[in-house]
Amino acid sequence: MLELFAGGQAVTLDQVLTNREWRSAVQQQLEADFPDQVVVAVKLNIAGPIKNSPKIQQVFSAGWQVIKRAVVSDSVAIKKVHVDDQRITGPEAFLVLDGQLKKWKQELLRFEEEFVLGRLFDCDVMADWAEGYQFSRRDLGLPPRRCLVCDGDAKVCAKEGRHPLATVQAASNQLYRDYFVTDLTLSAWSQDFVVDAAVAACLQEVVLAPKPGLVDPISAGAHHDMTVMTFVDSAVVLRPYFEKAFELGQKFSQAEATKLLAALRPEGVKAEQAMYLATDGVNTHKGAIFTLGILIAAYGLAIQDKRSTTLQTVLNLVQKISANVLDDDLVSPTRTDQQEETAGHYQYRTYQLTGVRGEVAAGLPSLAQVGLPTFRDRPGSVTNRFLDTLMALAGAIQDSTLIKRAQTPAIVQQMQDWVAEFFALGGAETVAGQEYLTALNQTMIEQNLSIGGAADYLILTIFISRLSGLLS
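Predicted model only: the values in this text are computed from it and were never measured. (Residues numbered from 1 in each chain as written. Predicted model: local features only at pLDDT ≥ 70, side-chain atom pairs only at ≥ 80, totals over all residues. Heavy atoms only, no water.)

K.L.:
Could you give me a rundown of the layout of surface pockets, with the residues and numbers involved?
P.N.:
Vacant regions in the atomic arrangement are exposed by a probe of water-molecule size rolled over the atoms. By volume, the second largest pocket amounts to about 1,300 Å³. Along the wall of the second largest pocket there are 44 residues; nearest its centre are Asn45, Asp122, Arg145, Ala154 and Lys155. Within the residue set of the lining of the second largest pocket, elements represented by two or more residues are α1 (13-33), β1 (38-44), α3 (101-114), β4 (121-126), α4 (154-160) and α5 (165-182). Class assignment of the residues belonging to the lining of the second largest pocket gives a composition of 18 nonpolar, 8 polar and 18 charged. (1 Å grid on protein atoms, 1.4 Å probe; cavity = no way out; pocket = protein on both sides within 12 Å on 5 of 7 lines; lining within 4 Å. Points joined across faces, edges and corners; volume = space filled by probe spheres on them. Helix = DSSP H or I, 4+ residues; strand = E, 2+ residues; numbered from the N terminus. Nonpolar A, V, L, I, M, F, W, Y, C, P; charged D, E, K, R; others polar.)

K.L.:
Let's hear about the environment of methionine 226: which residues, and what values?
P.N.:
Looking at the secondary structure, you find methionine 226 in the loop between α6 (191-207) and α7 (228-237). When near neighbours in sequence (up to four residues on either side) are disregarded, methionine 226 contacts Val215, Ala220, Phe231, Val282, Asn283 and Thr284. (Contact = heavy atoms within 4.5 Å.)

K.L.:
Outline helix α11 (residues 311-321), supporting the account with residue identities and numerical values.
P.N.:
Looking only at α11, the buried set comprises Leu311, Val314, Leu315, Leu317, Val318 and Ile321. Each buried residue of α11 sits inside an arc of 155 degrees when the element is viewed along its axis, so together they form one side. (Buried < 20%, exposed > 50% of the residue type's maximum accessible area, 1.4 Å probe, protein only. Arc of directions from axis to C-beta.)

K.L.:
An account of the packing of aromatic side chains is requested, with residue identities and associated values reported.
P.N.:
Under the counting rule described, the total for this entry stands at 14 aromatic pairs. Aromatic side chains phenylalanine 115 and tyrosine 179 sit 5.7 Å apart centroid to centroid with 65 degrees between the ring planes, which places their arrangement in the edge-to-face category. Placement of the pair is phenylalanine 115 in the loop between α3 and β4 and tyrosine 179 in helix α5, with a sequence separation of 64 residues. As far as burial versus exposure is concerned, phenylalanine 115 and tyrosine 179 are alike and both buried. Relative to phenylalanine 180, the ring of tyrosine 176 lies with its centre 5.0 Å away and its plane at 35 degrees, an arrangement referred to as tilted. Placement of the pair is tyrosine 176 and phenylalanine 180 together in helix α5, with a separation of 4 residues, close to one helical turn. Per residue, the accessibility class of tyrosine 176 equals that of phenylalanine 180, and both read buried. The rings of Phe60, Trp64, Phe111, Phe115, Phe121, Tyr176, Tyr179 and Phe180 are connected pair by pair, giving a single aromatic cluster. Positioned over the ring face of tryptophan 104 is lysine 103, at 3.8 Å from the centre of the ring. Across from the ring centre of phenylalanine 375, 4.0 Å away, lies the NZ or CZ of arginine 385, which sits over that ring. (Phe/Tyr/Trp six-rings, centres within 6.5 Å; stacked < 30°, edge-to-face > 60°. Lys NZ or Arg CZ within 6 Å of the ring centre and 35° of its normal.)

K.L.:
Can you tell me about the sheet that holds strand β3 (residues 92-97), naming the residues and giving the values?
P.N.:
The strand order β2-β3-β1-β4 describes an open sheet built from 4 strands, whose pairing is antiparallel. At either end of the open sheet lies a strand with only one pairing partner, and these are β2 (78-84) and β4. Averaged over all neighbouring strand pairs, the angle between strand axes comes to 10 degrees, with direction disregarded. Two strands pair when backbone bridges link them, and β1 and β3 are joined in this way by 6 bridges, in the antiparallel orientation. Its bridge partner lying in β3, lysine 43 is registered against glutamate 92. (Pairing = 2+ DSSP bridges. Axes fitted to C-alpha atoms, helices over the stretch in contact; angles between N-to-C directions.)

K.L.:
Can you lay out the environment of valine 325 for me, pointing to particular residues and giving the numbers?
P.N.:
With respect to the helices and strands, the residue valine 325 is situated in helix α12 (residues 325-331). Classification of valine 325 by relative accessible area gives buried; the value is 1%. Taking C-alpha positions, valine 325 is 9.7 Å from threonine 258, a pair spaced 67 residues apart along the chain. Every residue in contact with valine 325, bar those within four places of it in the chain, is listed here: Leu261, Arg265, Phe290, Leu330, Arg357, Val360 and Ala361.

K.L.:
Which residues make up the packing of helix α16 (residues 382-396) against helix α18 (residues 411-424), and what values do they have?
P.N.:
Where α16 meets α18, the closest approach of the two axes is 8 Å, and the angle between their N-to-C directions is 145 degrees. The two elements α16 and α18 meet at a crossing, and its hand is left-handed. Within the contact between the two elements, α16 uses Asp388, Met391, Ala392, Ala394 and Gly395 and α18 uses Met415, Gln416, Val419, Phe422 and Phe423. Residues of the contact of α16 with α18, tallied by class, amount to 7 nonpolar, 2 polar and 1 charged. (Left-handed = near helix turned anticlockwise from the far one by under 90°.)

K.L.:
A description of the side chain of threonine 374 should follow, citing residues and the corresponding values.
P.N.:
Considering the arrangement of structural elements, one finds threonine 374 in helix α15 (residues 365-377). Since its relative accessible area comes to 13%, threonine 374 is described here as buried. Within the structure, threonine 374 has its side chain in polar contact with the backbone oxygen of valine 370 (distance 2.6 Å). Once residues within four sequence positions are removed from consideration, threonine 374 is found in contact with Asp388, Thr389 and Ala392. (Polar contact = N/O pair within 3.5 Å; in protein donor to acceptor, adjacent residues only side chain to side chain.)

K.L.:
Outline a nonpolar patch on the surface, listing residues and values.
P.N.:
Together, Val72, Ile78, Val81 and Val83 make up a nonpolar patch on the protein surface, roughly 300 Å² of accessible area in all. Tallying contributions element by element places β2 first for the nonpolar patch, with 3 residues. (Patch = residues over 30% accessible without salt bridge, like charges linked within 9 Å, V, L, I, M, F, W, Y side chains within 5 Å. Areas by Shrake-Rupley, 256 points an atom, 1.4 Å probe, with all protein chains shown as cover. Salt bridge = Lys/Arg side-chain N within 4 Å of Asp/Glu carboxyl O.)

Have a look at this one:
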């Protein structure tokens, strides 16, 4: 089965007709409740009997996020929002807005044409008070929607049955793969959106539970000097730093990418000082300040033309920005005698491990190869998919925090064994997997172990998931 439809359930004609009646009733009720506003109804055009699945919901989430942001950017009054992405007949959403009917119809048609996945969306804009009630594409002087297969008139192709269902489904699946799999697409978001995503990523990581050895709302893990509230305070004060990282990315040219880190680092030092002041001297986000700051700057650099980019483009820029970091920090560092040797320097000198510096110099490979694919493909709730992602990352990297606490790189193999056992039980979506995480947390507390590096990678995963629409 094509991956877009995997895990979906076929619907009957009666279910489709019943849903059509439900949608009409919702729209009529919204028009009655808000007689002077514009009603926007958003659904998907998915060919075949399977209308909803985990991957179809990802498509809807990505597009819905773009639509929501267009509304926010317009500063329009939003009267009501309703989303139901679990309907067997496909995800649907409704907005009630102030404004002109024609303007919003043009906005949504532009979305259908310009957004990469827009051809899978069907957006109706209506107002009971307006002349004509709805505007068609013809009313606005626009050509008919294009067929997914041949780029002809989609209505004519559907009416005449020009293409087999399997061909249309394959074309829909290819759109999904091009956007989410081949090279994850990242829209060109505003600074406010990017900074909000960064802060939210820091907060979502810490409230995730149960996390072995890490701070969460249930347990402080192996960290006796901090709580969830410590992380919340820290995340909030990092907002100005995230803003500065984005601004620097927008300011430098791609030809100057190798010089960007030198400009970012003083801002990172300020962010660390703000963090220590907020946490009374506790290191909560030092690793994330380094990795997330560089990732934000790289993203800002990639969207200077205000067009969407791809994950690989951003990660290539991460490599350029970090091109000299290994030589400057580890191979030929310039430190005074008074400066204390960090764990990263010790591990490089003792074990020849490059740690987080090696990760950014390589373009954060585990983000694209492990973090995002795991979150995209694992089953279950968002929470459980993030727990699976954390564990997959913990088994994929040489976590310098873990090595520091164990005082030996041999702990990496032990972590990989724990991760393998966790996934053999079915992961976080199973009762056995949840029980395993709780037990592993106790084991890691007793051994004073923490997977702080994996937690930082999870923050990066959440951040990019927000930019791509995998997480809306």
